[in-house]
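Residue-level structural notes
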Amino acid sequence: MARLTSLEDLERYRQEVLARRDPKKPCVTICSGTGCRAYKSEKVAHAFQAELEAKGLAGKVDVRRTGCHGFCERGPIVVMLPEETCYLKVKVEDVPELVAETLVGGKVVERLLYRTDAGEGVVHENDIPFYKHQTRLLFHDNLRIDPTNLDDYLAVGGYGALAKALGSMTPEQVVAEVKKSNLRGRGGAGFPAGVKWETTRNSPGDERYVLVNADEGDPGAYMDRSILEGNPHSVLEGFIIGGYAIGARTGYVYVRQEYPLAVENLIGALDDLHEAGLLGENILGTGFSFEILIYRGAGAFVSGESSALMSSIEGKVGEPRPKYIRTSVKGLFDKPSNLNNVETWANVPLIISRGAEWFAGIGTEGSKGTKVFSLVGKVNNTGLVEVPMGMSLRRIVFDIGGGIREGRAFKAVQTGGPSGGVIPESMLDLPVDFDELTKVGSMMGSGGMIVMDDNTCMPDVAKYFLEFLADESCGKCVPCREGVWQMLQILTRMVKGEGREGDVELLEDLSTTVQDASLCALGQSAPNPVLSSIHYFRDEYRAHVEEKRCPALVCKALTSYWVDPDKCIACGLCKKNCPVGAISGEKKQVHVVDQALCTKCDTCFQVCPPKTRAVTKLSGQPVPKPPEDLAVRAAKGKKG
Amino acid sequence: MPVDHIIDRYDARREALVQILLDVQKELRWLPRNVLKRVSDRLGVTLREIYNVATFYKHFSLVPQGRHQMSVCVGTACHVRGAQKLLDRVSNVVGIQAGGTSKDERFSLHTVNCVGCCALGPVMTVDGEYLSNPTTEELEKVCETCE
Ligand code: SF4
Ligand code: SF4
Ligand code: FES
Ligand code: FES
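As a starting point, this report considers the structure included with it.

Cut-offs applied
Sequence positions are assigned chain by chain, starting from 1 and proceeding in written order. Labels follow written order: the first chain is A, the first ligand is 1, and so on. Per-residue local features of the predicted model are confined to residues with pLDDT of at least 70, and side-chain atom pairs are confined, for both listing and counting, to 80 or more; whole-chain, interface and lining totals are unaffected and use all residues. In computing side-chain properties, one takes all heavy atoms of the structure into account and sets aside hydrogens as well as water. In DSSP terms, a helix is any run of H or I states spanning at least four residues, a strand is any run of E spanning at least two, and both are numbered starting from the N terminus. Within these notes, the globule rule equals 2.2 Å times the number of residues to the 0.38 power, and the radius of gyration is based on C-alpha atoms. Exposure classes here rest on a 1.4 Å probe applied to the protein chains alone. A residue is buried below 20% of its type maximum, exposed above 50%, and partly exposed in between. Two residues qualify as a contact provided that any one of their heavy atoms is within 4.5 Å of a heavy atom in the partner residue. In short, Shrake-Rupley with a 1.4 Å probe defines the accessible areas, and a residue's cover is counted only from the protein chains shown. For this count, His and the chain ends are skipped, Lys and Arg are scored as positive, and Asp and Glu as negative. Charged side chains are reduced to one point each, which is NZ for Lys, CZ for Arg, CG for Asp and CD for Glu. Buried area, as used here, totals the accessible surface that two parts lose on assembly, with accessibility defined by a 1.4 Å probe and the loss added over both. Criterion for a salt bridge: a side-chain nitrogen of Lys or Arg within 4 Å of a carboxyl oxygen of Asp or Glu. Here a polar contact is recorded for every N or O atom pair within 3.5 Å, except that within protein the pair must consist of a potential hydrogen donor and a potential acceptor, and residues adjacent in sequence are included only if both atoms are side-chain atoms. Residues are sorted three ways: Asp, Glu, Lys and Arg are charged, Ala, Val, Leu, Ile, Met, Phe, Trp, Tyr, Cys and Pro are nonpolar, and all the rest, Gly among them, are polar. In this analysis, strands are considered paired if DSSP registers two or more bridges between them. Two rings belonging to Phe, Tyr or Trp (six-membered ring only in the last case) form a pair when the distance between their centres is within 6.5 Å. Interplanar angles under 30 degrees mark stacking, angles over 60 mark edge-to-face geometry, and anything in between is tilted. Two limits define a charge over a ring: the Lys NZ or Arg CZ must be within 6 Å of the ring centre, and within 35 degrees of the ring normal. Only the stretch in contact is used when fitting a helix axis, every axis being a line fitted to C-alpha atoms; angles between N-to-C directions are given from 0 to 180 degrees. When we say a residue is near a molecule or strand, we mean one of its heavy atoms is within 4 Å of it. Should an angle fall under 35 degrees it is called roughly parallel, over 145 degrees roughly antiparallel, and 65 to 115 degrees roughly perpendicular, with every other angle called oblique. Note: crossing handedness is left-handed where the near helix turns anticlockwise from the far helix by less than a right angle, and right-handed where it turns clockwise. Expected span, for any helix, means 1.5 Å times one less than how many residues it has. This arc is taken over the directions from the axis of the helix to the C-beta atoms.

**Concerning the overall build of chain A**
Along its length, chain A carries 24 helices and 19 strands. Relative to its length of 640 residues, chain A is compact, with a C-alpha radius of gyration of 28 Å against a globular reference of 26 Å. On the principal axes, the C-alpha backbone points of chain A span a range of 95 × 65 × 40 Å. Buried positions account for 58% of the 640 residues belonging to chain A. Partitioning the intrachain contacts of chain A with sequence separation of at least 6 by distance along the chain shows that 70% fall at a separation of at least 24. Carbon and sulfur atoms provide 51% of the accessible area of chain A, an area that totals close to 25,100 Å². Charged side chains in chain A number 76 positive and 83 negative. The centres of these two groups are separated by 4 Å.

Here is the structure:
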C-alpha cells in the first residue's frame, strides 16, 4: 500500500477499501484467538478453504480469521456473515455440512447452535445469553477484523480518532478530553488516566515516553491478551494518540513472552503502520513523529508494577522502587513516562472519536465506560465479558455466566487477581466498579473474576494465593518477603489440622504490618485474600483451628472417607478403583475403608454410584466403627 | 561465539540484556555459563549483574532443559478446576516431577501461573501448543509425537 501523506489521503484510502468490499458478500469468520486455536480452529479454517475450493466457491465466499469473541470455552466459534449465524464448537467434520447447508442452501444447522436451557437453538451471537447482557465496545469489532489486516481495521473506521486528534485537536485538548471522560486505568488501582497524562506532559525535560503494559500477570485474567491479539490496532491507535497528547516521540510495548501470538500480531501491525505512514516520521503529513518498540517480559509478576516494568525495559531486574519519585516525572531512563495497560489504551480511540461526554454517559458516578472481566472458575459460561461499570455481580455471574456448574451452590467470587479479595453471596448485588470493590475489601485489579462453588475451602484458597505471592515477592522489603511467608506457614498448619489458638488473630495482625510496611502494591495488597476471607468466612477459619474441621470437606488432613453402611449396595466399584487397596468388602457385604491405608485420593467418592452416595466425607468427627453385621441393608439400585 | 548473532541483533546495547537472554534461552533452551560470560563481555555488564537478572525472571533456566517443554498452568482459574489432577496425570505419563527434566533430556515439566487461556482450564502447553484438560490417553499420544 502506498504511504498516506495527509489526513485526506487516509479518508480517501478508507473509501477505496470500503468501495472494494461488498457487505452482502458471504464471509465465513473463524475465531483464531488463542482459546479457539487450542481447540484446533486452524484446522477448521483450512477445512473451510479446502471445501470452498472443492465446491467452486473460493472466489464467492471470503474466509476470515478473527480475534477472540470472548466465549472461548465453546470454541472454535464460526460466524457466517452477512446473516451473522453463529456456530459453536465447530469441528473439521462439520465443515462440509456448514458449506452445503448454510452457505449454499441458506439454512441453519441446528445442532451447532447455542442451546438455551429450554433446548432452543439461538442463531445470532448477540442473542446468546452470554452476550445478550454485555455492552461490547472494545470487543465489538473483533468479529469484523482479521488482526493481521490493516484494511479491516480501517474499514470499521479505524485511525479516524487519530486523524481527528492530529487534524483538529491540540495535544492539550486531547489530554483535556481524556481527563473529562474520567477514564481510569484498567490495570490496577484505577488512577485517572487523564491526570497522569497531564503530569507527564507537564514534567520538565525535552524527552518523554509512553508505555503499554501488556504484562498481564494476574493468573486467571486474559483480556489484555485477547484485545492485543484480536484487535492490536485499537490499542496502537490509542497509544499513538497518547504519544501525541503527552509529547512523546517513542513508545514501548511491554508484553509477556508467554503471549507469542500477541507479539507476532504486534510486529506485523507495526510494519503495516510504517508502510501506511501512520507511524514513523511525519505521520499523515501532520509533522508528528512517533516510533513504537516492543519489549518482551521474561516472567515476573512484580514487573507489572510501573517502576519495575520500566527498569525491566532498561534491561535490569524488574524490582519496584519507592513511590515518592513518580514515574510521570522520572520514569524510563529517568525521563517522564506514562504507563497504561492494554485495555486503557484501547478505550482512547473511542473517547476521542465519540467524545468524552458519550463515554462518561456509560458506567457509574466514579467509574466510567465498560470493563472487560475474565469470568472463570466454577461458572457455566466462562470467558471474557464486557459490561458497563456498575453491573451487579449477580447479573454477571448468573445472567451472563449462567450460574454455577453442576448445579452446585455459589460460595464466593474472587476479584482483582491474587491480591484481590473474596466476595460472599450476601454481596452479590454489589454494583461492580472501582470504588465499590475496594469498599468491600477486594479490588478491580485487571478484571479477573474467579467464581467459587461450595466445594471451596476459604483457608485453602487464601493459602493458594499466598503461595503465589510468596513466590513472586521480589524480596526487597522484609515485611513482604518474611511476613507473607510467615502467613503462609500459619495457613499451612491450619489446613493440616495443626492450627493453634490465636492463629486467626495472628494472621490479621501480620496482615496489617505487611500492608503498612511494604513498598509496592504486591506487598501492600498481599494480605487482601486473607483479610477478606477471614472477614466473610471467619467461622470457617475457626472450625479449622478449634474443631479441626474443614466445613467444605476439602482439606485432606481434616477429612476422612467412610462408607455409610445404610447406603452401601456392595457394587464393589470403590474397592475396584481404590489405588491403594484400602477398601475391603465381599459380595453383598458393606464395604469398609481402612483409615490407616487410605490416602484420601477421592476416587471412591467419585465412583460410588450417584444414586447410592454411600461413600461419605467426614470432617471434625470420629469415623464410626464398621458394623458387626456386614450384610448389605440397602436394596441394590434403590434410590438412597 | 554462537550467540554473537543474537547480541548483534540488538547492537550489543546494555538495555537489551533481557531481550538477548530471552533469545538465547529460546535457541539453547538454557543459559550456559560460557554464553553468559560472552554476553557480559560484549555488553560490558558484570557477570554478577547478569546472574542477578537471569535468576530473577522465571523464564530463564541455568540448567539444561529437555527438548520438549511441558508446562501445566496452576493459575487461579485452572487451580479451581483441577490443575493439580492434571499435573499429577502429566507427571505420571512423562515420569518426572514439576521442575524436573527427564534423564534422556526428552522432556522438561514446569508449572506456570496462567498461560492466558483461562476459559479452557485446566490447561497445559506442550512446546507452545495448548491442550485443554487432556486425558492420560491424549497425553500419551502427544508424547509419542515428541522425539
Ligand atoms: S512489597 Fe514485596 S514485591 Fe513489593 S517490593 Fe516489597 S518485597 Fe518486593
Ligand atoms: S479415598 Fe482413595 S485411597 Fe481412600 S479409600 Fe477412597 S479410593 Fe481408597
Ligand atoms: S479465542 Fe475464540 S472466543 Fe476466545
Ligand atoms: S489460570 Fe490457567 S490459563 Fe489462566
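**Some details on the overall build of chain B**
Each helix and strand counted, chain B has 7 helices and 4 strands in total. Reading chain B from its N end, one meets helices and strands in the order α-α-α-α-β-α-α-β-β-β-α. Each principal axis of the C-alpha distribution contributes one length, and for chain B these read about 50 × 30 × 25 Å. The buried share of chain B, reckoned over its 147 residues, is 53%.

**Details of the interface of chain A and chain B**
Counting residues at the interface gives 49 residues for chain A, matched by 36 residues for chain B. When chain A packs against chain B, the two sides together hide about 3,400 Å² of surface, and 56% of this comes from carbon and sulfur. On the chain A side of the contact with chain B, Arg296, Ala298 and Tyr464 of chain A bury the most area, a combined 19% of that side's loss. A salt bridge links Arg81 of chain B to Glu73 of chain A, with the nearest nitrogen and oxygen atoms 3.9 Å apart. The tally of links from chain A across to chain B stands at 23 residue pairs in polar contact (both at pLDDT 80 or more). Only α2 (34-38), β8 (250-256), β9 (291-297), α13 (306-313), β11 (370-377) and α18 (458-472) of chain A provide two or more residues apiece to the side of chain A that touches chain B. The element that contributes the greatest number of residues to the side of chain A that touches chain B is α18 of chain A, accounting for 5 residues. Looking at side-chain class alone, the side of chain A that touches chain B contains 22 nonpolar, 14 polar and 13 charged residues.

**Observations regarding the pairing of strand β19 (residues 615-619) of chain A**
Residues and elements named next belong to chain A. Extensive coverage of β19 is indicated by the burial of 4 of its 5 residues. Sheet analysis places strand β16 (residues 559-563) next to β19, joined by 5 bridges and oriented antiparallel. Paired with Tyr561 across the bridge in β19 is Lys617.

**Regarding the packing of aromatic side chains**
Residue and element names in this part refer to chain A. The full count for this structure, using the stated rule, is 18 aromatic pairs over all chains. Between Phe130 and Tyr131, the ring centres sit 5.1 Å apart and the planes meet at 80 degrees, which makes this aromatic pair edge-to-face. Between Phe288 and Phe290, the ring centres sit 5.9 Å apart and the planes meet at 20 degrees, which makes this aromatic pair stacked. Given the relative accessible area of 1%, Phe290 is considered buried. When the ring centre of Phe373 is taken as origin, the NZ or CZ atom of Lys371, which lies over that ring, is 5.7 Å away. We note Lys617 situated over the ring of Phe605; from NZ or CZ to the ring centre the distance is 4.7 Å.

**Overview of the sheet that holds strand β3 (residues 123-126) of chain B**
Residue and element names in this part refer to chain B. Pairing is mixed across the open sheet formed by 4 strands, whose spatial order is β2-β1-β3-β4. Each of the sheet's edge strands pairs with one partner strand only, and the pair in question is β2 (107-112) and β4 (129-132). Pairwise comparison of adjacent strand axes, ignoring direction, gives a mean angle of 20 degrees for this sheet. One ladder, built from 6 bridges, connects strand β1 (residues 68-73) with β2; its direction is parallel. Of the residues in β2, the one forming a bridge with Gln69 is Ser108.

**Side note on the site of ligand 1**
Around ligand 1 there are 13 residues in total, and Cys474, Cys477, Cys480, Cys520 and Gly523 of chain A lie nearest to it. Classifying every residue of the shell around ligand 1 gives 8 nonpolar, 4 polar and 1 charged.

**Focus: the pairing of strand β1 (residues 27-31) of chain A**
Residues and elements named next belong to chain A. For β1, the buried fraction is high: 5 of the 5 residues fall into the buried class. Neither face of β1 is exposed, since Cys27, Thr29 and Cys31 on one face and Val28 and Ile30 on the opposite face are all buried. With 4 bridges connecting them, β1 and strand β3 (residues 78-81) associate as antiparallel partners. The residue of β3 that forms the bridge with Ile30 is Val78.

**Section: the pattern of salt bridges**
The tally for this structure, following the rule as stated, stands at 48 salt bridges over all chains. The closest approach of N and O atoms between Arg408 of chain A and Asp454 of chain A, which form a salt bridge, is 2.7 Å. Residue Arg408 of chain A is located in the loop between α16 (393-400) and β13 (410-415), and its partner Asp454 of chain A is located in the loop between β15 (448-453) and α18; the two are separated by 46 residues in the primary sequence. Residues joined by salt bridges that share partners form a network here, namely Asp4, Asp8, Arg38 and Arg42 of chain B.

**Here we look at the packing of helix α3 (residues 41-54) of chain A against helix α4 (residues 95-104) of chain A**
Residues and elements named next belong to chain A. Where α3 meets α4, the closest approach of the two axes is 9 Å, and the angle between their N-to-C directions is 55 degrees. Taken together, the axis directions place α3 and α4 in an arrangement best described as oblique. Considering how the two elements wind past one another, α3 and α4 form a crossing that is right-handed. Here Val44, Ala47, Phe48, Glu51 and Leu52 of α3 come into contact with α4, specifically with Val95, Pro96, Leu98, Val99 and Leu103. The class makeup of the residues in the contact of α3 with α4 is 9 nonpolar, no polar and 1 charged.

**Comments concerning unusual backbone geometry**
Look at the link from Leu81 of chain A to Pro82 of chain A: it is a cis peptide, with omega at 5 degrees. A cis amide bond links Gly121 of chain B with the next residue in sequence, Pro122 of chain B, at an omega value of -5 degrees. Mapped onto the secondary structure, Pro122 of chain B falls in the loop between β2 and β3. Within the chain, Tyr159 of chain A stands out as a residue other than glycine whose phi angle is a positive 60 degrees. Structurally, Tyr159 of chain A can be placed in the loop between α6 (150-155) and α7 (160-168).

**A closer look at the packing of helix α2 (residues 17-28) of chain B against helix α3 (residues 33-43) of chain B**
Residues and elements named next belong to chain B. Running from N to C, α2 and α3 point in directions that differ by 150 degrees, and their axes come no closer than 12 Å. Taken as axis vectors, α2 and α3 run roughly antiparallel relative to one another. As α2 runs across α3, the sense of the crossing is right-handed. Note on element contacts: α3 touches α2 through Val35, Leu36, Val39 and Leu43, opposite Leu17, Ile20, Leu21, Val24 and Leu28. Taken together, the residues of the contact of α2 with α3 sort by class into 9 nonpolar, no polar and no charged.

**Here's the deal with helix α20 (residues 503-517) of chain A**
Because each turn of an α-helix spans 3.6 residues, side chains separated by three or four positions in sequence point in the same direction. Residues and elements named next belong to chain A. Between its first and last C-alpha, α20 extends 21 Å over 15 residues, near the 21 Å set by a 1.5 Å rise per residue. Listing the buried residues of α20 in full gives Asp503, Val504, Leu507, Ser511 and Val514. Each buried residue of α20 sits inside an arc of 95 degrees when the element is viewed along its axis, so together they form one side. Residues of α20 that are exposed and angled more than 90 degrees away from the buried face: Asp509 and Asp516. Against α19 (478-495), α21 (521-525) and α22 (528-546) lie the buried residues of α20.

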